[in-house]
Amino acid sequence: MSTDNTNAASYLYEVPGPRGRRRIIIGSIISALAIAGVVFAGLWQFGSRGQLDADKWTPFLDLAIWKYLGVGLLGTLQAAAIVAILGAAFGTLLALGRVSKIRWLSWLCAGYIEIARTVPVLLLIYLMLFGLPQLGINFPVLWKLAIPLTLANAAVFAEIVRAGILSLPRGQAEAAFSLGLRSGQVMRLVVLPQAVRNVTPSLITQLVSLMKDTSLGFIVAFTELLYRGQVLSSFNHLLIQTYLVVTIIYLLVNGSLSGLAARLQKKPGRRRTDLTLPLPTPGGSSSQKASNV
Amino acid sequence: MDIFTENAGLLLDAIGTTLLMVVVAGVGSLILGVLVTVARVSPIPILRRAAFLYVQFFINVPLLALLLLAVFALPDAGLILPLLPTAIIVLTVYEAAYVAEAVRSGINTVSVGQIEASRALGLTLWQSLRLIVIPQSLRAVVQPLGNVMIALAMNTALAAVVGVVELTSRVNKINLVYAQPIEIFTGAGLVYMLIALAIGLTAGRIERKVAILR
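Residues numbered from 1 in each chain as written. Chains lettered and ligands numbered in written order. Predicted model: local features only at pLDDT ≥ 70, side-chain atom pairs only at ≥ 80, totals over all residues.

Peer 1: Got a minute to help me understand the overall build of chain B in this structure?
Peer 2: Scanning chain B from terminus to terminus reveals ten helices and zero strands. Helices and strands in chain B line up, N terminus first, as α-α-α-α-α-α-α-α-α-α. Reported as C-alpha extents along the three principal axes, the dimensions of chain B are approximately 70 × 45 × 25 Å. Within chain B, buried positions represent 49% of all 214 residues. When contacts within chain B are restricted to residue pairs at least 6 apart in sequence, long-range pairs at least 24 apart make up 77% of them. (Helix = DSSP H or I, 4+ residues; strand = E, 2+ residues; numbered from the N terminus. Buried ≥ 20, exposed ≤ 12 C-beta atoms within 10 Å, placed from the backbone. Contact = placed C-beta atoms within 7 Å.)

Peer 1: I'm lost on the interface of chain B and chain A in this one. Help?
Peer 2: Interfaces are often described in size by the accessible area the parts lose on coming together. Contacts between the two partners involve 53 residues from chain B and, on the opposite side, 52 residues from chain A. Contributions of two or more residues to the side of chain B that touches chain A are made by α2 (8–41), α3 (45–60), α4 (63–73), α5 (83–107), α6 (112–120), α8 (142–155), α9 (167–178) and α10 (181–210) of chain B. With eleven residues, α3(B) is the single largest residue contributor to the side of chain B that touches chain A. Residue classes in the side of chain B that touches chain A are distributed as 39 nonpolar, nine polar and five charged. (Nonpolar A, V, L, I, M, F, W, Y, C, P; charged D, E, K, R; others polar.)

Peer 1: Help me understand unusual backbone geometry in this model?
Peer 2: Most peptide bonds adopt trans geometry, and most residues besides glycine take a negative phi value. All names here are of chain A. Phi is positive for Ala 221, close to 60 degrees, though the residue is something other than glycine. If you check the backbone angles, His 237 has positive phi at about 60 degrees while not being a glycine. Summarising the element assignment, His 237 is placed in the loop between α12 (225–236) and α13 (239–266).

Peer 1: What's the story with the confidence of the model for chain B in this structure? I'm lost.
Peer 2: If pLDDT is low for a region, its predicted coordinates should not be looked at in detail. Summary statistics for chain B give a mean pLDDT of 90 and a share of 98% for residues scoring 70 or more. Scored by ipTM, the complex comes to 0.86, with pTM at 0.85. (pLDDT = per-residue confidence, 0-100.)

And the structure:
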């Protein structure tokens, strides 16, 4: 993930000679000037409208504002946790159904996954928010957010887990069967634990995407970070500052999760390398390669 | 069914807006995403750093927060554009980060020998990127890019929240009048599924056409 040792970059060019180094220095100066120019233009634009004035930013030194936004962040984390747990459970079931040998079950799950991946979450939220109450079905606010998100995220979790299951060398399941385990046991004791371990980075990446999705709580007026930010901004009239602060909080929380995913991807656990290195899979599964690049 | 025929004009208008957003933001994010990837593998450290930060920023920040920032907050700083272009620009820069990630994973699939051979032939860095690396890595990531484009199509719905009258917003308004949520929202869902299906099939066709058999 880090810029300095992207796999490709290291062999795209050789160690530059004197002329190459000069060019790189010139390029660095030009791009530094360009980036500085863009940043300066932005700041100048903000400054000319008085958006950088100290009194526009000092309110954010007040602890009360951070407490207020903190409650929102807790709401975000709460919603994300609920959706993650329900979505992962439902998604795992879907993945199991998808890889099962029962034809109709596999097709049913595949159909659900395809549909859920191609319908906007917002449409489901609007259905929950405006549609179903017309029919007398009304959920608490949290679930108006959590149900659509779970339905949508379960499909993504299912695809990730399925990729993990398929990436596992077939020998694992065959060995388990030859030990006399039943197919349920094979899945539960041998295949799933390894599959989930193999796709942990993807699962964490999906967790980030899920955290971002909880910002849709803004629409159903669920107390989460973005909603709190909006209420705060209509109260203090500091739109730019408030939304920037909220954006930066999202960036910090999700960025640390992404960083974790990247670290896991770069340094796979010992057992994972043992598994993926020496056992060539017939036909070569692409998802396995993808998780190790 | 007559809900749909009575409102055919409005619905077609809304579908047109959605498609416009998908196409413009899609093409824009493909171009911008490839440029970001090029910056990310360039030998210029500051460009690589900037491209990395760009990708990290947009992958970790919710699209809705960016839309609200661009539509409601930035006018306070004198940065104001009509609603639809604003939404399209935000979608473009947001999805470009995902395109960049996909293309970068494609660059990792280009074998070292290809790049070494291009250097041995005396191609400059820019030539080997333009003629050898980027074409091959794009071919390797047609399917992932298709998925990014499908996600983009889904994300255009978020523009409804800031007031763009596209499909989601329109069907919601129609439903508030007719109060037949199941039919109306299912209809809209089908349209989105068709858009996603079209993108998926196109990606599949392109992939079959350009795939490199190794």
